[in-house]
Amino acid sequence: MADYDVDLFVIGAGSGGVRAARIAAGYGARVAIAEEYRIGGTCVVRGCVPKKLYVYASRFADEFEDAAGFGWTVPEASFSWERLVAAKEAEVTRLSEIYETNLRKAGVAIHRQRAVITGDNAVRLADGTEVTAGVILIAAGGGATRGDFPGAELTISSSEAFDLPEFPTRIVVNGGGYIAIEFAGIFAGLGADVTLIHRGDKLLRGFDEDVRDEVAEGLKKRGVTLLLGDEIVEVAAFEGARRVTTKAGVTLDVDQVMLAIGRAPLTADLGLDAPSVMRDHRGAIMVDAASRTNVPSIYAVGDVTDRLNLTPVAIREGHAFADTVFGNKPTAVDYTNVATAVFATPEVGVVGLTEAQAREKGAEIDIYKTRFRAMKATLSGRDEKVLMKIVVDAATDRVLGVHVVGEAAAEMIQLAAVAVKMGATKADFDDTVALHPSAAEELVTLRTKWTPS
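Calculation rules
Residues numbered from 1 in each chain as written. Predicted model: local features only at pLDDT ≥ 70, side-chain atom pairs only at ≥ 80, totals over all residues. Heavy atoms only, no water. Pairing = 2+ DSSP bridges. Helix = DSSP H or I, 4+ residues; strand = E, 2+ residues; numbered from the N terminus. Axes fitted to C-alpha atoms, helices over the stretch in contact; angles between N-to-C directions. Contact = heavy atoms within 4.5 Å. Phe/Tyr/Trp six-rings, centres within 6.5 Å; stacked < 30°, edge-to-face > 60°. Buried < 20%, exposed > 50% of the residue type's maximum accessible area, 1.4 Å probe, protein only. Core = buried A, V, L, I, M, F, W, Y, C linked by side-chain atoms within 4.5 Å. Polar contact = N/O pair within 3.5 Å; in protein donor to acceptor, adjacent residues only side chain to side chain. Salt bridge = Lys/Arg side-chain N within 4 Å of Asp/Glu carboxyl O. Patch = residues over 30% accessible without salt bridge, like charges linked within 9 Å, V, L, I, M, F, W, Y side chains within 5 Å. Areas by Shrake-Rupley, 256 points an atom, 1.4 Å probe, with all protein chains shown as cover. Disulfide = S-S within 2.5 Å.

Participant: Any details on the sheet that holds strand S17 (residues 340-342)? Residues and values, ideally.
Facilitator: Read across the open sheet, the five strands follow the order S17-S18-S21-S20-S19; overall the sheet is antiparallel. Edge positions in the sheet fall to S17 and strand S19 (365-373), since each of these pairs with one other strand and no more. Here the average twist between neighbouring strands, direction ignored, is 10°. Sheet topology places strand S18 (residues 348-352) next to strand S21 (residues 399-405); five bridges connect them, and they run antiparallel. Of the residues in S21, the one forming a bridge with Val350 is His403. Together, S18, S19, strand S20 (385-393) and S21 form the strand contacts of helix H7 (residues 209-221), whose direction differs from that of S20 by roughly 170°.

Participant: Please give an account of the packing of aromatic side chains that cites residues and values.
Facilitator: Per the stated rule, a full pass over the model turns up twelve aromatic pairs. Pairing Tyr54 with Trp81 gives two aromatic rings, centres 5.6 Å apart and planes at 70°, and the pair type is edge-to-face. A residue pair is termed long-range when its members are at least 10 positions apart, and Tyr54 in helix H3 (residues 48-67) and Trp81 in helix H4 (residues 81-105) qualify at 27 residues. Judged by its relative accessible area of 3%, Trp81 is buried. With a centroid separation of 5.4 Å and 50° between ring planes, the pair formed by Trp81 and Phe167 is classed as tilted. Linking Trp81 in helix H4 with Phe167 in the loop between helix H5 (158-161) and strand S8 (170-174), this pair joins segments that are 86 residues apart in sequence. Through a chain of ring-to-ring contacts, three or more aromatic side chains come together here, namely Tyr54, Phe79, Trp81, Phe162, Phe167, Phe183 and Phe187.

Participant: Report on the nonpolar core, specifying residues and quantitative values.
Facilitator: Formed by 44 residues in total, the largest nonpolar core has its most connected members in Trp81, Ile181, Phe187, Val194 and Leu196. Of all the secondary structure elements, the ones that give two or more residues to this core are H3, H4, S8, helix H6 (178-189), strand S9 (193-198), H7, S17 and S18. Discounting chain neighbours no more than four positions away, the residues touching Trp81 are Tyr54, Ala161, Phe162, Leu164, Pro165, Glu166, Phe167, Phe187 and Leu190. Listed in part, the 23 residues of the second largest apolar core include Val18, Ile39, Leu137 and Ala139.

Participant: Tell me about the sheet that holds strand S12 (residues 241-246), and please be specific about residues and values.
Facilitator: The strand order across the open sheet formed by three strands is S11-S12-S13, and the pairing between neighbours is antiparallel. If you trace the sheet from one side to the other, it starts and ends with strand S11 (232-238) and strand S13 (251-254), each paired once. Averaged over neighbouring strand pairs, the angle between their axes works out to 20° when direction is ignored.

Participant: Tell me about the side chain of Thr340, and name the residues and values.
Facilitator: Residue position: Thr340 is located in strand S17. According to the relative accessible area criterion, Thr340 is buried, its value standing at 13%. Among the polar contacts listed, one links the side chain of Thr340 to the side chain of Tyr178, at a separation of 2.7 Å. Those residues in contact with Thr340 that lie beyond four places of it in its chain are Tyr178, Phe207, Leu310, Val348, Gly349, Val350 and Ile413.

Participant: Please give an account of unusual backbone geometry that cites residues and values.
Facilitator: Along the chain, Thr345 connects to Pro346 via a cis peptide bond; the corresponding omega equals 15°. Looking at the element boundaries, Pro346 is found in the loop between S17 and S18. The step from His436 to Pro437 runs through a cis peptide bond, and the omega angle for that step is -5°. With respect to the element layout, Pro437 can be found in the segment after helix H12 (426-431). Non-glycine residue Asn328 carries a positive phi angle of around 55°. In this structure Asn328 comes out as exposed when scored by relative accessible area, which is 70%. Located in the positive-phi region is Ala408, a residue other than glycine, with phi close to 65°.

Participant: Pulling in residues and values, what's your account of the pattern of salt bridges?
Facilitator: Inspection of the entire model under this criterion finds 40 salt bridges. Here Arg38 ties to Glu89 by a salt bridge, and the two come within 3.0 Å at their closest N and O atoms. Within this pair, whereas Arg38 is found in the loop between strand S2 (31-34) and helix H2 (41-46), its partner Glu89 is found in helix H4, the two being separated by 51 residues in sequence. Notably, a salt bridge pairs Glu91 with Arg94, separated by 2.8 Å at the nearest N-O pair. Of the two residues, Glu91 and Arg94 are both situated in helix H4; the distance of three residues between them amounts to about one turn of the helix. Classification of Glu91 as partly exposed rests on a relative accessible area of 24%. One salt-bridge network, in which partners are shared between bridges, spans Asp208, Asp210, Glu355, Arg359, Lys369 and Lys389.

Participant: Residue-level account of a nonpolar patch on the surface, with values.
Facilitator: Together, Tyr56, Phe60, Phe64, Phe70, Trp72, Val74 and Leu379 make up a nonpolar patch on the protein surface, roughly 750 Å² of accessible area in all. Broken down by element, the residue count for the nonpolar patch peaks at three residues, all from H3. Residue placement: Trp72 occurs in the loop between H3 and H4.

Participant: Residue-level account of the environment of Leu154, with values.
Facilitator: With respect to the secondary-structure elements, Leu154 resides in the loop between strand S7 (142-144) and H5. Overall, the relative accessible area of 22% leaves Leu154 in the partly exposed class. Along the backbone, Leu154 and Met258 are 104 residues apart, and their C-alpha atoms lie at a distance of 9.4 Å. Setting aside residues no more than four positions away along its own chain, Leu154 makes contact with Val235, Ala236, Ala237 and Arg242.

Participant: Tell me about the state of the cysteines, residues and numbers included.
Facilitator: By the definition in use, this model includes one disulfide. What pairs with Cys43 in a disulfide is Cys48, and their sulfur atoms sit 2.1 Å apart. Every disulfide takes its handedness from the sign of the S-S torsion; for Cys43 and Cys48 that torsion is -140°, giving left-handed. Given the relative accessible area of 30%, Cys48 is considered partly exposed.

As C-alpha cells, then:
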C-alpha cells in the first residue's frame, strides 16, 4: 500500500472506528481517522454513557424515599438540572479526551473535520485536502429519525435532551423502544410529568412478552402516563410551550416533545455513489461477514451497516476488521446470544431467545419463571417486583434465553450471558450453589416448570 498516503482511512471516530484504527495501527498500518463532531461518537458523547449517568441521577429520589424504611431521616432533597448537565459534560469531555489520547499514542493521524469518499481509494476532507488510502473504513454511526408531521421541527431527539437549557417539568416522549423508555424513566425520576406515546399496543417490540408487560407496569408505577395505540399528528407552539395533538384526539400542553421513533444509518452525503457502494432501502451499507462492501477496498462497521446496533458489537466488528485486514488473522463476529440491557426503571437484561422465538423454531420448550418482591423492598415498602424467566429446550436441556427485569438486571445478565454462550443446560444452572441472600440466586433455584394458569 506504499502508493497511497495511508494504509487505512477511517470515517467516524466512534467506538467502532476508534477500535479499528488503534488495532490496525498496532499492526503497523499507517492510519488516519476523520471525525466532524467529537471523538467518541454516539455512545460516549450523546448515547449510552451520558444516558447511564442520567439514569443514575433519576434513581436517587427513590433511594431517598426508601431510606426511611431503613431508619434514615433524609433532609429535604433538591435537584439541579444545571449541575447534572455540567457534571455529565465534564465526564463526557474526559472520556473523549482519553479516546483522542489513545489514538495519538497508537500513531493515528486525526482530522477534526468531515470526510467524504471520492473514489475506491480516495477521500476528501472538508478543507479540500485529498487523501488516498489502501483501505477505507466507514464507521459513521447512526442518527435519530425525525418525524414527518406538522411541527416536527419543534421537537427534540435524545441528542438534544442531554443539554436542554431548562428542565422540562412536562414532557411527551414519542416511541416504544430502548431510548424512549429510558428517557421516560429518566425524566419521571427527576420529577417531570411524563407522557409516553407509542403507536404500538405494547412497548419494546422484539422482547419477551413477559418483559414487555413488566416494563409497562413499572413505568406506570413510576408515574409515566402511557398512551399506546396512538401517535402524534401535530405539534404546535403554544404560549411558550408545545401543544401536542394525537391521532386519537388527545391534546397535551408540554414544555418539550422528544422523538425516539427510531434511528437510521448516517450514510447520506458520504460520497458513496462515487465508488457505487451498495446500500439497502434504509440506506444501510451492505457488507459481507468480513464487513467488506461490494467495493473490495471499502469496509463498514457499526450502525451504518444496521446489523446489530449495539456499541460493544461495533467495537467487536472494528477489532475483527483490523485483525482480518491488517493482522493476517481472519476473524468473524458471532452475533448469536449477545446480551443487551434497557436501562429503564425497572431495569431489563436479556440474552438469547424469547419464549416466542424459541417456539417458532418448532422445538418443545420448558419455561421457568418467577416474580417476587426483592428483599430491599420489604423494608422500603416500595411496590416493585423482580421478574426472572428462563427458556429451555426440553429435548437438550440447553438454556436458550434468560430474561430479567429488576434492580441490577444488566449486571446479572452479563454473567448469565457467559453461561448461555457456552451452551449451559438447565441442569448446570441447577447444580450451581445459590449465593444467598441475593436476587440473582433465583436464577439457579428455579425448579418448577411454569404452566399457564
